[in-house]
Amino acid sequence: MSKYDHQKIEKKWQKRWEKEKSFIAEFPSEKPKWYSLIEFPYPSGDGLHVGHIRSNTAIDIISRKRRMEGYNVLYPIGWDAFGLPTENYAIKTGLAPQVVTKKNTDIFRRQLKSLGFSFDWDREINTTDPEYYKWTQWMFLKFFEKGLAYKAKVAINWCPKDKIGLANEEAAGGVCDRCGGPVEKRMKEQWMIKITAYADKLLEGLKDVDYIPQAKIQQDNWIGRSEGAEIEFPIVIASEAKQSHFKIASSLSAPRNDLINVFTTRPDTILGATYVVLSPEHKLIGELENRIENLADVKNYIAAAAKKSDIERTEEGKQKTGVELKGITAINPATKEEIPVWVADYVLTGYGTGAIMAVPQHDQRDREFAEKFKLPIVDKPLVSWEEALKVTDGKKTVKYKLRDWVFSRQRYWGEPIPLIHCEQCNWVAVPEKDLPVKLPKVAKYQPTDTGESPLAAMTKWVNVKCPRCGGPAKRETDTMPNWAGSSWYFLAYIIRGESANYQLPITNYFDAFKYFTPVDWYNGGMEHTVLHLLYSRFWNRFLYDLGLVPVAEPYKKRTSHGLILGEDGVKMSKSRGNVINPDGLVKEFGADSLRLYEMFMGPFDQAIAWDPRGILGTSRFLERVWQIGTTKTTSLHSQVFKDDVGLERLLHQTIKKVSEDIETMSFNTAISAMMIFVNECVAKQTISQSVWQKFVLILAPFAPHIAEELWEVLGNKNSIHLESWPKFDPNKIVEDSFELIIQVNGKMRGKANVPIGTPQDEAEKLALEQSSVKKWIEQKTFKKVIFVKDRLINFIV
RNA sequence: GCCGAGGUGGCGAAACCGGCAAACGCGGGAGACUUAAAAUCUCCUAGUCGCAAGACUAUGCGGGUUCAAGUCCCGCCCUCGGUACCA
């Protein structure tokens, strides 16, 4: 009896897989394809997180099972390496982000390989590789070319002390996380991408995909399509003659400063509209400035609102704030009544028209506001939509919550936006032959104190000739958001398999796309189910509309894993000191034990706290498997065993359970079923080889190293991943008896072991023979007997 | 606030379509083996009352539907994810 030497055996098989290129996806191939995808990691300086292992193992299990089922599996890996943490590290240490990224990805690669994931390492990608971002830039230029990229003024977080723009995370709670000072809002010109033009397509696409329902709902709600109406409320200015301003707009298209255009999803409630509310950023306020009698109050209020984020504005719950615009009123176009106009930050600029008609009788928020400021709440009858629109001259419109994508960052560590600004020609695309526009080396990674990216200081790099007219021009110095590179990476893996340096043009890869896409199963975190998923669906849909990719929806199926929290039940973080380093666990218990524990620890889709003792259970389980596999079967090779019907039945039940549970990601119960099987084997003197062999096969996707070794011990020459997935025999899983539950008035009073298929009359007879049942029934009369076949009998007395 | 998910023993959890609540594992207890310890193996382990047979109470809280509710319905409370520049 020798102990299982995980260190030696795991290394042995990892070497062999690498040498034999066991997990390389082939193209072209006669086999059916299977494309498994995990969200490629951000290579942070902290090293691999145990959470990565959870998601990677789950999809590894599915990928390995699919190979055994005869598929040509693509399960790729790469690095989503642009982003803030690396940049901030570079700012602090002066080390180039390129160098830091190289170091971090080397660590991640070694760690991932030590866990035996069946990745196709030949297709490894890195979003910060200029050959990779050449494509990201090329695709951005397609958006530009099609008029979907445009410039607009957008509010950013600005620290007036540090003189830099801040990410939302760096400005949490309205405080700069560098200096602790207050953060302001500042308007800045940014590149935008018109994702809103795809709102309906993105909604429709959801109908055809197999996402977990909450992911679909989140996407649906985020896009937030709502049908309503725009209705214009004429303005009355107290200081002027009222009559002259009492008019309905003749043209709805031209913006006018004597009307407030509101958006409502409930035009039918118009008779109850008792005031109008503008968002603090509404431009009418500026235009009517000299007519507002309490201008100082209004300006104070607007300044205070500017300091809050949208979330802060609305989350202060029932404490609504606002200021009336004194001297200005509006006319309800349906009732012709003069009603007050307020400014309040519960109305958001970005949604609808930035102005609402308040109907406190029908809307909770309006009611709270009205109650607080003693505004009238009237109960007027509803009218039909048609009537409302007719009497107000309003028009039906569709609005979306979805806003356009802010695509600029004033940062170094991102893809340079490949545009050049020329005084004569305005914005001009960098010609395809000049891509990629590489990130130049800079001395400082800190944004400049005008809020521009550090690239702006590279005058040599910035000043170029206009590609169109040859005149003096300047490069765009903004870079792209981290979302850019991850929006199309599932295509990059396919390209990378055909061309190591991702040669353009994209049309070369259409056949490979046709074979491999869509991704058959994409797993990721719930934290990505809105933004990343939506951005990449949009990006792919855009390429599809250009005829460059063959499928409209990139991901056929989407599932989500739960976060792994620290032992203390909170998110793992360096500062809390609750981070688990997988290296030590792999060394002490082995990759298979760790993989198994992470799959066994709880339901895959739920957040769970790390239990440092939990791995002991799966490690003991594997040790038992090893002992059985090396003593109870192999030493008795040539012997003929009497069939053990009970164990064979359990084997087939286990194959069924494990096969099904993998598909529903119920890995914890699959492992529990395998434990039950192994516990049963422990009690046996000998186990027939044919039974044991099948068990090793179903264990293989979970614990591939030990399974390979035991497979070899059984006398097999080929790797276990070349074998077929075992099928259960439906005839062999059937039990012949079951425990009948006997209830009286719904309470369990007895049990009886009876054959499957026992009819009601027999069950009744058997039940009433039991003294423990009888005493609850004696001297009472039956009202009813409920009989559930092969399960229970319930006497109502 | 809004959108989404969750709440079951000392702990992680299981429970198909409404049908024995607590499978499997961790921890704990007792025993075997051992000079001893570790490892391993066997048994016990929701709570209360009871000598016992057993009875009662239990799935965040309060109601409801049902022969029967962890599961379905209504109303709350708490925790987590997202909230558009963390990824």
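Fair warning: this is a prediction, and the values are worked out from it, not measured in the lab. (Residues numbered from 1 in each chain as written. Chains lettered and ligands numbered in written order. Predicted model: local features only at pLDDT ≥ 70, side-chain atom pairs only at ≥ 80, totals over all residues. Heavy atoms only, no water.)

Peer 1: Summarise the overall build of chain A; cite the residues concerned and give the values.
Peer 2: Looking only at helices and strands, chain A features 27 helices and 28 strands. Projecting the C-alpha coordinates of chain A onto the three principal axes gives extents of approximately 105 × 85 × 50 Å. Per-residue burial for chain A yields a buried fraction of 53% across its 797 residues. Pairs at least 24 residues apart make up 76% of the contacts formed inside chain A by residues separated by at least 6 positions. Carbon and sulfur atoms make up 51% of the accessible area of chain A, which amounts to about 36,600 Å² in all. Each charge class in chain A can be summarised by its mean position, and for the 110 positive and 102 negative side chains these summaries are 2 Å apart. (Helix = DSSP H or I, 4+ residues; strand = E, 2+ residues; numbered from the N terminus. Buried < 20%, exposed > 50% of the residue type's maximum accessible area, 1.4 Å probe, protein only. Contact = heavy atoms within 4.5 Å. Areas by Shrake-Rupley, 256 points an atom, 1.4 Å probe, with all protein chains shown as cover. Lys, Arg positive; Asp, Glu negative; His and termini not counted. Charge placed at Lys NZ, Arg CZ, Asp CG, Glu CD.)

Peer 1: So, the pairing of strand β1 (residues 33–38): which residues are in play, and what are the values?
Peer 2: Burial analysis of β1 places six of its six residues in the buried class, the great majority of the element. Neither face of β1 is exposed, since Lys 33, Tyr 35 and Leu 37 on one face and Trp 34, Ser 36 and Ile 38 on the opposite face are all buried. Strand direction decides the pairing type here: β1 and strand β2 (residues 72–74), joined by three bridges, are parallel. For Tyr 35, the partnering residue across the bridge sits in β2 and is Leu 74. (Pairing = 2+ DSSP bridges.)

Peer 1: I'd like a rundown of the layout of surface pockets, residues and numbers included.
Peer 2: Looking at the second largest pocket, its volume works out to about 680 Å³. Among the secondary structure elements, those contributing two or more residues to the lining of the second largest pocket are α1 (6–20), α4 (97–113) and α19 (582–589). If you tally residues by element for the lining of the second largest pocket, the top one is α1, at eight residues. When grouped by side-chain class, the residues that make up the lining of the second largest pocket number eight nonpolar, seven polar and 10 charged. (1 Å grid on protein atoms, 1.4 Å probe; cavity = no way out; pocket = protein on both sides within 12 Å on 5 of 7 lines; lining within 4 Å. Points joined across faces, edges and corners; volume = space filled by probe spheres on them. Nonpolar A, V, L, I, M, F, W, Y, C, P; charged D, E, K, R; others polar.)

Peer 1: Please give an account of the packing of helix α5 (residues 130–145) against helix α18 (residues 531–545) that cites residues and values.
Peer 2: Packing of α5 against α18 leaves a shortest axis separation of 11 Å and a crossing angle of 70°. Classed by the angle they form, the pair α5 and α18 counts as roughly perpendicular. The element α5 and its partner α18 pack so that their crossing is left-handed. Contacts between α5 and α18 involve Thr 136, Met 139, Lys 142 and Phe 143 from the former and Phe 538, Trp 539, Phe 542 and Leu 543 from the latter. Partitioning the contact of α5 with α18 into residue classes produces six nonpolar, one polar and one charged. (Axes fitted to C-alpha atoms, helices over the stretch in contact; angles between N-to-C directions. Parallel < 35°, antiparallel > 145°, perpendicular 65-115°, else oblique. Left-handed = near helix turned anticlockwise from the far one by under 90°.)

Peer 1: An account of the protein's contact with RNA strand B is requested, with residue identities and associated values reported.
Peer 2: Taken together, 62 residues sit near RNA strand B, with Asn 168, Gln 190, Met 601, Arg 620 and Arg 791 positioned nearest. The sugar-phosphate backbone supplies 59% of the atoms of RNA strand B found within 4 Å of the protein. One of the side-chain N or O atoms of Gln 190 is found 2.5 Å from a base nitrogen in RNA strand B. A distance of 2.9 Å is found between a base nitrogen of RNA strand B and a backbone nitrogen or oxygen belonging to Arg 403. When residues of the surface near RNA strand B are traced back to their parent elements, those giving at least two are α7 (213–223), α11 (310–315), α21 (614–633), α23 (667–682), β25 (737–744), β26 (747–755), β27 (784–788) and β28 (792–796). Per-element tally for the surface near RNA strand B: the top contributor is α23, with six residues. Tallied by class, residues from the surface near RNA strand B come to 27 nonpolar, 19 polar and 16 charged. (Near = heavy atom within 4 Å. Polar contact = N/O pair within 3.5 Å; in protein donor to acceptor, adjacent residues only side chain to side chain.)

Peer 1: Could you give me a rundown of the environment of Phe 538, with the residues and numbers involved?
Peer 2: Inspection of the secondary structure puts Phe 538 in helix α18. Remark: the alpha-carbon pair of Phe 538 and Pro 554, spanning 16 residues in sequence, is separated by 9.4 Å. Residue contacts for Phe 538: discarding those within four places in its chain leaves Phe 143, Ile 193, Lys 194, Ile 195, Tyr 198, Leu 202 and Trp 405.

Peer 1: For the packing of helix α2 (residues 50–68) against helix α20 (residues 591–600), give the residues involved together with the corresponding values.
Peer 2: Relative to each other, α2 and α20 sit at 95°, their axes nearing to 9 Å. It follows from the interaxial angle that α2 and α20 lie roughly perpendicular. Between α2 and α20, the contacting residues are Val 50, Ile 53, Arg 54, Thr 57, Ala 58, Asp 60, Ile 61 and Arg 64 on the first element and Leu 594, Arg 595, Glu 598 and Met 599 on the second. The residue makeup of the contact of α2 with α20, split by class, is six nonpolar, one polar and five charged.

Peer 1: Please provide a residue-by-residue account of the sheet that holds β25, values included.
Peer 2: Within a sheet, neighbouring strands are paired by backbone hydrogen bonds and run either parallel or antiparallel to one another. Within the open sheet, the four strands sit side by side as β26-β25-β28-β27. Their pairing is mixed. Single-partner strands in this sheet number two, and they are β26 and β27. This sheet shows a mean twist of 15° between the axes of neighbouring strands, independent of strand direction. The sheet contact formed by β25 and β28 spans four bridges and is parallel. Across the sheet, the residue bridging to Val 744 is Phe 795, located in β28. Running over the sheet, helix α26 (residues 760–769) touches β25, β26, β27 and β28 and is turned about 70° from β28.

Peer 1: Break down unusual backbone geometry for me, with residues and values.
Peer 2: With omega at -5°, the peptide bond leading from Phe 27 into Pro 28 counts as cis. Relative to the helices and strands, Pro 28 is located in the loop between α1 and β1. Residue Pro 505 is reached from Leu 504 by a cis peptide bond, and omega for that bond is 0°. Within the secondary structure layout, Pro 505 lies in the loop between α16 (489–498) and α17 (510–516). Backbone geometry at Lys 163 places phi at a positive 55°, although glycine is not the residue there. You can see Lys 163 is positioned in the loop between β5 (149–159) and β6 (164–166). The residue Lys 336 is not glycine, and still its phi comes out positive at about 65°.

Peer 1: Describe the environment of Gln 14, and please don't skip the residues or the numbers.
Peer 2: Among the structural elements, Gln 14 can be located in helix α1. C-alpha of Gln 14 to C-alpha of Leu 115: the two residues are 101 residues apart in sequence and 8.8 Å apart in space. Not counting the four nearest positions on each side in its chain, Gln 14 is found in contact with Lys 113, Ser 114, Leu 115, Gly 116 and His 705.

Peer 1: Help me get a handle on the pattern of salt bridges, residues and values and all.
Peer 2: Enumeration according to the criterion identifies 47 salt bridges in this entry. With a shortest N-O distance of 3.2 Å, Arg 365 and Asp 363 are connected by a salt bridge. Taking relative accessible area as the criterion, Asp 363 reaches 21% and is therefore assigned partly exposed. As a salt-bridge pair, Asp 644 and Lys 684 come within 2.9 Å of each other at their nearest N and O atoms. (Salt bridge = Lys/Arg side-chain N within 4 Å of Asp/Glu carboxyl O.)

Peer 1: Summarise the nonpolar core; cite the residues concerned and give the values.
Peer 2: Counting residues in hydrophobic clusters, the biggest one holds 87 residues, and the most contacted among them are Tyr 35, Leu 37, Trp 135, Phe 140, Phe 407, Trp 488 and Trp 539. Considering every element that reaches this core, the biggest residue donor is α5, with nine residues. Dropping the residues within four chain positions of it, Trp 135 is found in contact with Trp 488, Ile 495, Tyr 502, Gln 503, Leu 504, Pro 505, Ile 506 and Tyr 509. Counting residues in each nonpolar core, the second largest holds 81 residues, with Met 68, Trp 610, Val 658 and Val 691 among its members. (Core = buried A, V, L, I, M, F, W, Y, C linked by side-chain atoms within 4.5 Å.)

Peer 1: Tell me about α4, residues and numbers included.
Peer 2: An ideal rise of 1.5 Å per residue puts 24 Å on 17 residues; α4 measures up with 24 Å between its terminal C-alpha atoms. Residues Pro 97, Val 100, Thr 101, Asn 104, Thr 105, Phe 108, Gln 111 and Leu 112 constitute the buried set of α4. Take α4 and look down its axis: the buried residues cluster within an arc of 125°, on one side only. Buried residues belonging to α4 abut α2, β3 (78–79), α3 (84–93), β4 (125–126) and α19. (Expected span 1.5 Å × (residues − 1). Arc of directions from axis to C-beta.)

Any functional reading would require information beyond the geometric quantities listed.
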